[in-house]
Amino acid sequence: MSKNKSIRVRLKSPYFTGVLLILYTLIFYLFSLCPTVYLIDSGELAAVSYTLGIAHPTGYPLYTLISYFFAHLPGEPVFNLNILSALFTAAAVFLTYLFSRSVIKKSPISIIPAILLAFAPTIWRTSITNEVYPLTVLFASAILFLLFKIRDERDFYILMYVIGLAFTNHVIVFTVAVPAVLYAAVVYRPSAKQFIVGLLFALLGGSLYLYLIIRTLGGAELHWGDTYNLQRLLWHITGKQYRVWMFSLPFSEIFINLQKGILILLIRDFLYIFLIPIFVGFYVLFKNERKKFWFFSTVIVFNFLYAVNYSIPDIESYYIPALVSFISVLGFGLTRLKKILPWFVTIPLALAIPFLNYNSCTLRNNTFAYDLSYAHIRELPKNSLVLFTLWDIYSPLLYLQKVKGIRKDLVLIDKELLRRTWYIRFLKNEYPEFYKKVENSINSYLVELYKFEYDKPYNPALIQMRFINLLESFIEAKLDEHVYLIMPFPDRDLNQTKIDYHWIPRGLVFEIKKETACDTHFDFSKLALEKPAVVNDERLNHMINIVERMAYYNITYLKTQKRFTEAAEIKNWLENSFPSQ
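Caption draft 1: Looking closely at the overall build of the protein chain. When you go through the protein chain residue by residue, the secondary structure sums to 27 helices and five strands. In terms of C-alpha radius of gyration, the protein chain reaches 26 Å, essentially the compact-globule figure of 25 Å for 581 residues. Its C-alpha atoms give the protein chain principal-axis dimensions of about 85 × 55 × 50 Å. Evaluated residue by residue, the protein chain yields a buried proportion of 58% over its 581 residues. Intrachain contacts of the protein chain at a sequence separation of at least 6 include 75% that bridge at least 24 residues. Of the roughly 25,600 Å² of accessible surface on the protein chain, a fraction of 61% belongs to carbon and sulfur atoms. Charge centroids of the protein chain, computed over 58 positive and 44 negative side chains, lie 14 Å from each other.

Caption draft 2: Spatial organisation of the pairing of strand β2 (residues 411-414). Residues V411 and I413 line one face of β2 and the alternating positions L412 and D414 line the opposite face, and both faces are buried. Both strand β1 (residues 385-388) and β2 contribute to a ladder of four bridges, which runs parallel. Along β2, the bridge assignment pairs L387 with I413. In this fold, the crossover linking β1 to β2 by way of helix α20 (residues 391-402) has right-handed handedness.

Caption draft 3: Just the side chain of K292, in detail. In this structure, K292 sits in helix α16 (residues 290-307). What K292 contacts, discounting residues up to four positions off in sequence, is F148, Y183, L285 and F332.

Caption draft 4: Seen up close, the packing of aromatic side chains. Tallied over the full model, the rule gives 53 aromatic pairs. Relative to F467, the ring of Y445 has its centre 5.7 Å away and its plane inclined at 45°; by these criteria the two rings are tilted. Of this pair, Y445 sits in helix α23 (residues 439-453) while F467 sits in helix α24 (residues 460-478); the two residues are 22 residues apart in sequence, bridging distant segments of the chain. The same class applies to Y445 and to F467, which are both buried.

Caption draft 5: Geometry of helix α13 (residues 230-237). All of the buried residues along α13 are R232, L233, W235, H236 and I237. Tucked inside the fold, the buried residues of α13 contact α12 (210-217), α21 (421-430) and α23. Where α13 begins, the capping side chain belongs to N229, and its oxygen is found 3.2 Å from the backbone nitrogen of Q231. Once α13 ends, the next one or two residues include G239, with phi positive near 65°.

Caption draft 6: Molecular detail of the pattern of salt bridges. This model, assessed by the stated rule, comprises 24 salt bridges. A salt bridge links K404 to E76, with the nearest nitrogen and oxygen atoms 2.9 Å apart. With K404 in the loop between α20 and β2 and E76 in the loop between α4 (61-71) and α5 (77-104), this pair connects stretches of sequence that are 328 residues apart. The class for E76 is partly exposed, based on a relative accessible area of 26%. Ionic pairing is found between K402 and E430, a salt bridge with its closest N-O pair at 2.8 Å.

Caption draft 7: Local environment of the sheet that holds strand β4 (residues 502-506). Pairing is mixed across the open sheet formed by five strands, whose spatial order is β2-β1-β3-β5-β4. The two strands at the open ends of the sheet, each matched to only one other strand, are β2 and β4. On average, each strand axis in the sheet is tilted by 30° relative to the strand beside it, whichever way the strands run. Taken strand by strand, α20 contacts β1, β2 and β3 (483-486), and its axis lies near 140° from that of β2.

Caption draft 8: Inspection of the environment of W422 at higher detail. Mapped onto the elements, W422 comes out in helix α21. What makes W422 buried here is its relative accessible area of 4%. Sequence separation of W422 and A47 is 375 residues, and the distance between their C-alpha atoms is 17 Å.

Caption draft 9: Focus on the nonpolar core. Residues F270, F295, F296, I413, L418 and F474 are the most contacted members of the largest nonpolar core, which totals 199 residues. Among the elements that make up this core, the one with the highest residue count is α5 (15 residues). In this structure, F295 is in contact with L144, L147, F148, V176, P179, A180 and Y183, ignoring residues within four places of it in sequence. Judged by nonpolar contacts, the second largest core, of nine residues, contains Y209, L212, L233 and I237.

Caption draft 10: Highlighting the packing of helix α3 (residues 42-51) against α20. Relative orientation of the contacting elements α3 and α20 amounts to 25°, with a least axis distance of 6 Å. When the axis of α3 is compared with that of α20, the two are roughly parallel. For the element pair α3 and α20, the recorded crossing hand is left-handed. Along its contact with α3, which presents S42, G43, E44, A46 and A47, the element α20 presents W391, S395, P396, L398, Y399 and K402. A breakdown of the residues in the contact of α3 with α20 according to their chemical character gives six nonpolar, three polar and two charged.

Caption draft 11: Highlighting unusual backbone geometry. With an omega of 15°, the peptide bond running from P57 to T58 counts as cis. Unusually for a residue other than glycine, N383 sits at a positive phi of about 70°. Looking at the secondary structure, you find N383 in the loop between α19 (368-377) and β1. With a phi angle near 60°, D455 is a residue other than glycine that sits in the positive phi range. Here D455 lies in the loop between α23 and α24. The class of D455 is exposed, set by a relative accessible area of 59%.

Caption draft 12: Local environment of a nonpolar patch on the surface. Residues F16, V19, L20 and L23 make up a contiguous nonpolar surface patch of roughly 340 Å² in combined accessible area. Judged by its relative accessible area of 47%, L23 is partly exposed.

Caption draft 13: Here's a closer look at the confidence of the model for the protein chain. Confidence along the protein chain averages 90 in pLDDT terms, with 94% of residues attaining 70 or more. Every residue in residues 6-11 scores below 50 in pLDDT, and together they form five contacts with partners more than four places removed in sequence or on other chains.

Caption draft 14: The packing of α5 against helix α6 (residues 111-119), seen in detail. Contact geometry for α5 and α6: axes closest at 7 Å, N-to-C directions at 155°. Taken together, α5 and α6 sit at an angle that is classed as roughly antiparallel. You can see that α5 and α6 cross each other, and the crossing is right-handed. Between α5 and α6, the contacting residues are A92, V93, T96, Y97 and S100 on the first element and I111, P113, A114, L117 and A118 on the second. Class assignment for the residues of the contact of α5 with α6 results in eight nonpolar, two polar and no charged.

Conventions and cut-offs
- Residues numbered from 1 in each chain as written.
- Predicted model: local features only at pLDDT ≥ 70, side-chain atom pairs only at ≥ 80, totals over all residues.
- Heavy atoms only, no water.
- Helix = DSSP H or I, 4+ residues; strand = E, 2+ residues; numbered from the N terminus.
- Rg over C-alpha atoms; globule rule 2.2 N^0.38 Å.
- Buried < 20%, exposed > 50% of the residue type's maximum accessible area, 1.4 Å probe, protein only.
- Contact = heavy atoms within 4.5 Å.
- Areas by Shrake-Rupley, 256 points an atom, 1.4 Å probe, with all protein chains shown as cover.
- Lys, Arg positive; Asp, Glu negative; His and termini not counted.
- Charge placed at Lys NZ, Arg CZ, Asp CG, Glu CD.
- Pairing = 2+ DSSP bridges.
- Right-handed = clockwise from strand over helix to strand, strands pointing away.
- Phe/Tyr/Trp six-rings, centres within 6.5 Å; stacked < 30°, edge-to-face > 60°.
- Polar contact = N/O pair within 3.5 Å; in protein donor to acceptor, adjacent residues only side chain to side chain.
- Salt bridge = Lys/Arg side-chain N within 4 Å of Asp/Glu carboxyl O.
- Axes fitted to C-alpha atoms, helices over the stretch in contact; angles between N-to-C directions.
- Core = buried A, V, L, I, M, F, W, Y, C linked by side-chain atoms within 4.5 Å.
- Parallel < 35°, antiparallel > 145°, perpendicular 65-115°, else oblique.
- Left-handed = near helix turned anticlockwise from the far one by under 90°.
- Nonpolar A, V, L, I, M, F, W, Y, C, P; charged D, E, K, R; others polar.
- Patch = residues over 30% accessible without salt bridge, like charges linked within 9 Å, V, L, I, M, F, W, Y side chains within 5 Å.
- pLDDT = per-residue confidence, 0-100.

Dropping the structure here:
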């Protein structure tokens, strides 16, 4: 074979095109990458990754172990973790291309499913911050790729091991894993012995969850769930503490979630025009490959049933298995349309998708979460107590304290996490001197909290009363050193406290004071905080509204004190830093 002919063969290789797609994806991801910590779970996950701890349910041991090494590479730890997310999704894009090419054969339009996966806003947004969902995208893509490549028992065992490993990242993968196991059992018909061995391989992959027990007993700084035995491990893996938000929603909210899911997946992520090949794909499968039709349909229905019954801010990412399935089905639809879709139309269209979606996804130069969390604590007196109800502030501050070493003198307490025994233990290790001051009220509260946590009979009124007493003891213990509240909305628990103190707005926080008047003036210009150039996220917009709310609390308070000049200064700052348009 001549040298030129050898080069042409390599250029036609699916792997060569796949690598080009990886590079194309990474160019946009790295350009739009969040430069630092972001909202929701970003700060907590970064702190867990850096300290080799245990994250919120389900613990994410595989992600933690991989991200630990990235967090300790040269550079900013969370920035390295953001890059890791981009790499996970880029690998999924590669597998999606190989799968679509095997379906569409050698047509150039086989890049369309891979491009859609990379630049669907649901995927893109999670791939430029540190999150567990990009690894979920990779596992969902890998399961589908391996499922339809099974030729012998070795392939079956690899699939089962990958499924087991996938469960150690995010349990939402069960909506594709369970149908995949059933499909493999029906289509490839492994013997009873092979199926049992396959289950053992799945258990081997899932055994990584033992990391949670090992690190808890090993003294992890962040040990969410306190998984020191198999019972607590099971609670954590199954998300026991989150069940109150699962399968308990009224029908009206379920219907709203269903509408959101349909709008997200079938309208926004597929840009309307790609709905046609999806419908054609289902038709092709129903006519020619009925088992695959039922497999993909089951994954999508299974995934939707789970997601619409769960109420959390980042619910979009829970539709990832359905999104990956829709994209796979789209590939089958393109087999029928490729003759009427010339490559010189479809390829430019596919390559244009990231340009169309860029503004709705980019987090380039967006440091708002970092700036906002730091702004809350920057000017607080040394050794102050800060009580939170805002996870989007507390989570980034975990990163600032644990990884960056910023304001470690402060006692930071998430009020809602106080309803879990593991968090009480965390506070004991984190703030031993403060803990001693409030130990009596904590011990009294723990008696009832253990009953609640271990599903034993308890008195709701009694546990609430002791919870309120706990909050009162916290405030009393630190009042001489300053107590602050990060609670922009009315709080039922704190309103029940018997302590007759006043909430004085001071910048972005409230200070607990005995007096109603305060002579000091908070200078908002010190916050170094401004509205991001691009606001393309509901959660981000929500946090911006909170800043505006707190500014108006300050303005209203100052006006009641006849301090109109200072109130006007805050209003000017707000108009300049957070313009309405």
